[in-house]
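Overview (structure and organization)
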Amino acid sequence: MRYLTSLCVLSLISGCAVPALELNAPVTARVAKQPTNSFRNSPVILRSYKVNDEGKKVEFSGAQCSGRNAFVSFSKASTPANIQLPTYLQGERFANRGKPPALKVSCKYGKTENKFILEPTSAVGNVTVSSGTQYNYQTGVYSNPSVTHLTGRLSPTLPWRYSSATVDF
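An account of the accompanying structure is given in this report. The structure displayed is predicted, hence computed values, not measured ones.

Under the definition given, this model contains three salt bridges. Of the charged contacts in the structure, one is a salt bridge between D168 and K57, with a shortest N-O distance of 3.2 Å. With D168 in strand β14 (residues 165-168) and K57 in strand β4 (residues 57-60), this pair connects stretches of sequence that are 111 residues apart. Here D168 falls in the partly exposed class, since its relative accessible area comes to 43%. Owing to a relative accessible area of 51%, K57 belongs among the exposed residues under this scheme. Between E92 and R97 there is a salt bridge, and its shortest N-O distance comes to 3.9 Å.

Next comes the structure, spelled out in structure tokens:
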């Protein structure tokens with residue numbers, strides 16, 4: 001009976017959830033200046049929302065976004081946008097620890113334009129690494145790997161990157 005009740009509750013909850021719109025094809029940012037600490041590309045997702053007639057916030061597609069700083073730029077990215085921006089290595093050997101400048105973003109939909117700034121952060125994408133007990137058949141030894149949560153405080157070498165954002169119209 002508990003199983004059936006749980007299944008019913010889960011189906012009701014999942015039926016109420018509004019799925020996110022599928023991302024458009026990735027847009028790779030143009031690199032204007034390549035610093036020595038430039039690393040691999042990472043996705044930045046831009047999603048647009050507006051309030052419908054019922055007063056609910058809903059996602060919509062078609063807002064045109066562009067962004068720029070001294071290192072990179074992108075234009076004509078239509079929401080929901082998947083923008084490939086470089087990450088930047090962090091370290092004392094780089095000026096300002098390798099932190100890139102803020103990214104100025106502008107999104108337009110109809111006659112409305114929203115401007116905002118994406119500040120780079122090194123705390124984005126931190127992961128918790130964990131696993132259960134493992135047994136090595138060759139050595140006959142059990143091991144229990146430790147759980148590590150990487151944060152900017154524990155690992156000041158995580159790369160700088162830009163966060164994903166939502167744009168309200």
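Attention now goes to the side chain of S106. Within the secondary structure, S106 sits in strand β8 (residues 103-109). A distance of 2.6 Å separates a polar atom in the side chain of S106 from a polar atom in the side chain of E113. Not counting residues within four places of it along the chain, the set of residues in contact with S106 comprises Q64, C65, S66, E113, N114 and K115.

As for its placement among the helices and strands, A32 is situated in the loop between β2 (30-31) and β3 (38-51). When its relative accessible area of 65% is taken as the criterion, A32 is described as exposed. Here the alpha-carbon distance between A32 and N69, two residues 37 residues apart in the chain, equals 8.9 Å. Beyond its immediate chain neighbours, meaning those up to four positions away, A32 contacts A70, F71 and V72.

Cut-off values and rules
- Residues numbered from 1 in each chain as written.
- Predicted model: local features only at pLDDT ≥ 70, side-chain atom pairs only at ≥ 80, totals over all residues.
- Heavy atoms only, no water.
- Salt bridge = Lys/Arg side-chain N within 4 Å of Asp/Glu carboxyl O.
- Helix = DSSP H or I, 4+ residues; strand = E, 2+ residues; numbered from the N terminus.
- Buried < 20%, exposed > 50% of the residue type's maximum accessible area, 1.4 Å probe, protein only.
- Polar contact = N/O pair within 3.5 Å; in protein donor to acceptor, adjacent residues only side chain to side chain.
- Contact = heavy atoms within 4.5 Å.

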